[in-house]
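A structural walkthrough
Residue-level listing of the chains:
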Amino acid sequence: MRQHVNPLSINFNQIERIPSLGEMFGDSKLNLHLDIGCAAGEFLFDLALVNTSWNYLGIEIREKLVKNAKLKVLESEIKNLYFLFGNANNILNDVQSELIIKNLKSISFYFPDPWFKKRHYKRRVIQPEFINILSNLLQKGTLIFIKTDVKDLFDYMDYTISNNFYFKTIDKKDFNYSESFNPNKVKTNREKYVINNQLDIFERIYIKI
Ligand SMILES: C[S@@+](CC[C@H](N)C(=O)[O-])C[C@H]1O[C@@H](n2cnc3c(N)ncnc32)[C@H](O)[C@@H]1O
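Each value, and the rule that gives it
Residues numbered from 1 in each chain as written. Predicted model: local features only at pLDDT ≥ 70, side-chain atom pairs only at ≥ 80, totals over all residues. Heavy atoms only, no water. UniProt positions renumbered as here; feature names shortened; annotations may be inferred. Helix = DSSP H or I, 4+ residues; strand = E, 2+ residues; numbered from the N terminus. Buried < 20%, exposed > 50% of the residue type's maximum accessible area, 1.4 Å probe, protein only. Near = heavy atom within 4 Å. Polar contact = N/O pair within 3.5 Å; in protein donor to acceptor, adjacent residues only side chain to side chain. Areas by Shrake-Rupley, 256 points an atom, 1.4 Å probe, with all protein chains shown as cover. Patch = residues over 30% accessible without salt bridge, like charges linked within 9 Å, V, L, I, M, F, W, Y side chains within 5 Å. Salt bridge = Lys/Arg side-chain N within 4 Å of Asp/Glu carboxyl O. Core = buried A, V, L, I, M, F, W, Y, C linked by side-chain atoms within 4.5 Å. Contact = heavy atoms within 4.5 Å. Phe/Tyr/Trp six-rings, centres within 6.5 Å; stacked < 30°, edge-to-face > 60°. Pairing = 2+ DSSP bridges. Axes fitted to C-alpha atoms, helices over the stretch in contact; angles between N-to-C directions.

Right, let's get into the UniProt feature "active site" in the protein chain. Under the present numbering, the feature "active site" in UniProt falls on Asp-113. Relative to the helices and strands, Asp-113 is located in the loop between strand E4 (104-110) and helix H6 (128-137). Relative accessible area serves as the criterion here: at 26%, Asp-113 is assigned to the partly exposed category.

Structure, rendered in structure tokens:
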């Protein structure tokens, strides 16, 4: 069982330079989807092949996973996929994040680390301050997708996002995925495990208004 990485450690205060969209992607004009806590990135590799008319960016705090994912991108010559190493909270809080915000149309937080103990809740990636930052940064219409198998974490994330005036819930049954993009077309590794073990999945979609 792997150790969780504490995102509040000072090791993650520094962030790597965020390349321009042109440096990251073959076609910098495409819409961008951001997956936060992407682990080894398999979900994004699958998505990048299924929905080729979007760009995909994964942010992950475990450095080795990002190094390997970057290598895999180079080897496979996929042009619509890029990975950044670091704490997502710090990366999106940085002035450099302007570079990715321009084309950003949707964000997924799929099966984030639950941090079960109450005194560790502040390590959870979705925090009121972070959602505040996103509400200032994101353009109107940007979507946020959340999924987890931990009900307590779902309630915490849902409460935190719904409490921000600028995010509105979209009912999943009313949501029409576009032809060119549907982040639910493929499953993340954790999601596959959850489905195989017949556990519940709690999910919600929000839109920036
Ligand atoms: C439980 S795993 C889920 C991985 C993947 N999304 C899935 O569904 O299979 C959560 C991932 O989020 C990463 N993570 C946790 N906090 C983070 C943060 N603040 N910034 C970036 N990544 C983070 C962890 O290292 C881990 O790889």
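Right, let's get into the site of the ligand. Inspection of the region around the ligand gives 18 residues, with Glu-60, Arg-62, Asn-87, Tyr-110 and Thr-188 positioned closest. The contact in question runs from a nitrogen atom of the ligand to an N or O atom on the side chain of Asn-89, over 3.4 Å. A distance of 2.9 Å separates an oxygen atom of the ligand from a polar backbone atom of Arg-190. Look at the ligand: alone it shows 600 Å² of surface, and the protein chains cover 92% of it. For the shell around the ligand, the elements supplying multiple residues, two or more each, are helix H4 (88-92) and helix H8 (189-196).

Taken together, the side chains of Phe-165, Tyr-166 and Ile-209 define a hydrophobic patch exposed on the protein surface, amounting to about 330 Å² of accessible area. By the secondary structure assignment, Ile-209 is in the segment after strand E7 (202-208). For Ile-209, a relative accessible area of 40% puts it in the partly exposed group.

A word on the nonpolar core. In this structure, Ile-36, Leu-57, Phe-109, Leu-134, Ile-144 and Ile-146 are the most contacted members of the largest nonpolar core, which totals 35 residues. Looking at this core, the element that brings in the most residues is helix H7 (residues 151-162), giving four residues. Setting aside its immediate chain neighbours within four residues, Ile-36 contacts Ile-59, Ala-88, Leu-92, Ile-107, Ser-108, Phe-109, Tyr-110, Val-125 and Phe-130. Counting residues in hydrophobic clusters, the runner-up holds 28 residues, among them Val-5, Ile-78, Leu-81 and Phe-85.

Further remarks concern the packing of aromatic side chains. Counted according to the given criterion, the structure contains six aromatic pairs. A centroid spacing of 5.4 Å and a plane angle of 70° characterise the contact between Tyr-121 and Tyr-156, whose relative ring orientation is edge-to-face. Taken together, the residues Tyr-121 in the loop between E4 and H6 and Tyr-156 in helix H7 connect sequence positions 35 residues apart. In this structure, Tyr-121 and Tyr-156 share a single accessibility class: buried. With a centroid separation of 5.2 Å and 85° between ring planes, the pair formed by Phe-165 and Tyr-166 is classed as edge-to-face.

Taken in spatial order, the seven strands of this open sheet run E3-E2-E1-E4-E5-E7-E6, and their pairing is mixed. Both edges of this open sheet fall to strand E3 (81-85) and strand E6 (167-170), since each of them pairs with a single strand only. Strand-to-strand twist across the sheet, computed as the mean angle between neighbouring axes with direction ignored, equals 20°. Looking at chain direction, strand E1 (residues 31-36) and E4 are connected through four bridges and run parallel. Paired with His-33 across the bridge in E4 is Ser-106.

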